[in-house]
Amino acid sequence: IDLAGNNTTSKNIPHRASFILWLIDQCKSIPHNSTIAFVELGASGGLILDALKDPNRFASWMSMNGYRADFAQKFSSNNLNPVIGVDLVIPSIDWLKALVLADKDRGEVVNFINQFERSPVINGDATKLQFLTPVNDFLNSHRKKIPFIFSTSMFYQITASQRETILTAAKIILQDLRG
């Protein structure tokens, strides 16, 4: 109970990456065959990052599981994106599996975990984004790539003031990097 009480991780499913990849396909300012440096805030175990790292392989995985896979059109077949995640709590893989209650969904997530390489997720506070050395080092080492800072399931857990702090920091970082 103590672990559950201190763990704010919500259901972390890789399928959410498909929406991000579809949005990127729609963005005219991102050219085809781009490489994007993804930073996920509230990354949990990094499953969405695992999918974004290899978009075409992920699209194939989605198709093999019976899902729509008409996304990731802007990425070449050999494209691997650098990724890093940030979270206050980095859950174990067993915890991620336990959060998916429906048997079918849990089976898919377990299958995904077994097939995709884990992405780096650092322990950190997104409200201090501009001061997180590993994130700054990551972005500086990938300056020639398109920086992309996002969150899929964290903002509902924080205050409006915290959201504004994070958005302001992300905008400053992205402007500095040309994002």
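Rules used in this analysis
- Residues numbered from 1 in each chain as written.
- Predicted model: local features only at pLDDT ≥ 70, side-chain atom pairs only at ≥ 80, totals over all residues.
- Heavy atoms only, no water.
- Helix = DSSP H or I, 4+ residues; strand = E, 2+ residues; numbered from the N terminus.
- Rg over C-alpha atoms; globule rule 2.2 N^0.38 Å.
- Buried < 20%, exposed > 50% of the residue type's maximum accessible area, 1.4 Å probe, protein only.
- Contact = heavy atoms within 4.5 Å.
- Polar contact = N/O pair within 3.5 Å; in protein donor to acceptor, adjacent residues only side chain to side chain.
- Axes fitted to C-alpha atoms, helices over the stretch in contact; angles between N-to-C directions.
- Left-handed = near helix turned anticlockwise from the far one by under 90°.
- Nonpolar A, V, L, I, M, F, W, Y, C, P; charged D, E, K, R; others polar.
- Arc of directions from axis to C-beta.
- Pairing = 2+ DSSP bridges.
- Parallel < 35°, antiparallel > 145°, perpendicular 65-115°, else oblique.

I keep staring at the overall build of the chain and nothing clicks. Help me out?
The number of helices and strands found in the chain is 8 helices and 4 strands. Listed by position from the N terminus, the elements making up the chain come as α-α-β-α-α-β-α-α-β-α-β-α. At 16 Å, the chain has a C-alpha radius of gyration in line with the 16 Å of a compact globule built from 179 residues. With respect to the three principal axes, the spread of C-alpha positions in the chain is 45 × 40 × 25 Å. Taking all 179 residues of the chain together, 46% fall into the buried category. Nonlocal contacts in the chain, meaning residues at least 24 apart in sequence, comprise 84% of its contacts between residues at least 6 apart.

Which parts of the structure should I look at to understand the side chain of Asp50?
Along the chain, Asp50 falls in helix α3 (residues 47-53). On the basis of relative accessible area, Asp50 is assigned to the buried category, the value being 1%. In this structure the side chain of Asp50 is engaged in a polar contact, spanning 2.6 Å, whose partner is the side chain of Ser119. If we ignore the near neighbours within four places in the chain, the residues touching Asp50 are Phe112, Phe116, Glu117, Arg118 and Ser119.

Can you help me understand the packing of helix α4 (residues 55-64) against helix α6 (residues 103-115) in this one?
Packed helices, taken two at a time, are described by the angle between their axes plus the distance between the axes. Relative to each other, α4 and α6 sit at 145°, their axes nearing to 12 Å. α6 is crossed by α4, and the crossing has right-handed handedness. Within the contact between the two elements, α4 uses Arg57, Phe58 and Trp61 and α6 uses Glu108, Asn111, Phe112 and Gln115. Its residues assigned to classes, the contact of α4 with α6 shows 3 nonpolar, 2 polar and 2 charged.

Explain α4 here, please?
For an α-helix, the turn length of 3.6 residues means that residues three or four places apart are oriented alike. Inspection of α4 places Pro55, Phe58, Ala59, Trp61 and Met62 among the buried residues, and these make up the whole buried set. One side of α4 carries all its buried residues, which in axial view fall inside an arc of 160°. A positive phi of about 85° marks Gly66, the residue just after α4.

Explain the pairing of strand β1 (residues 36-41) to me, please; I cannot follow it from the model alone.
It is a general feature of regular strands that their side chains alternate between the two faces of the sheet. A large share of β1 lies buried, amounting to 6 of its 6 residues. Residues Ile36, Phe38 and Glu40 point to one face of β1 and Ala37, Val39 and Leu41 to the other, with burial holding for every one of them. In this structure, β1 lies alongside strand β4 (residues 146-150), joined through 5 bridges in parallel fashion. By the bridge assignment, Ile36 is partnered in β4 with Ile146. Where β1 lies against strand β2 (residues 83-87), 4 bridges are found, and the strand directions are parallel. Bridged to Glu40 within β2 is Gly85.

Whenever I open this one, the packing of helix α2 (residues 17-26) against α4 confuses me. Can you help?
Relative orientation of the contacting elements α2 and α4 amounts to 125°, with a least axis distance of 11 Å. Put simply, α2 runs oblique to α4. Every pair of crossing elements has a handedness; the one defined by α2 and α4 is left-handed. When α2 is examined against α4, the residues Ala17, Ser18 and Leu21 are found in contact with a partner set consisting of Pro55, Phe58 and Met62. In the contact of α2 with α4, the residues fall into 5 nonpolar, 1 polar and no charged.

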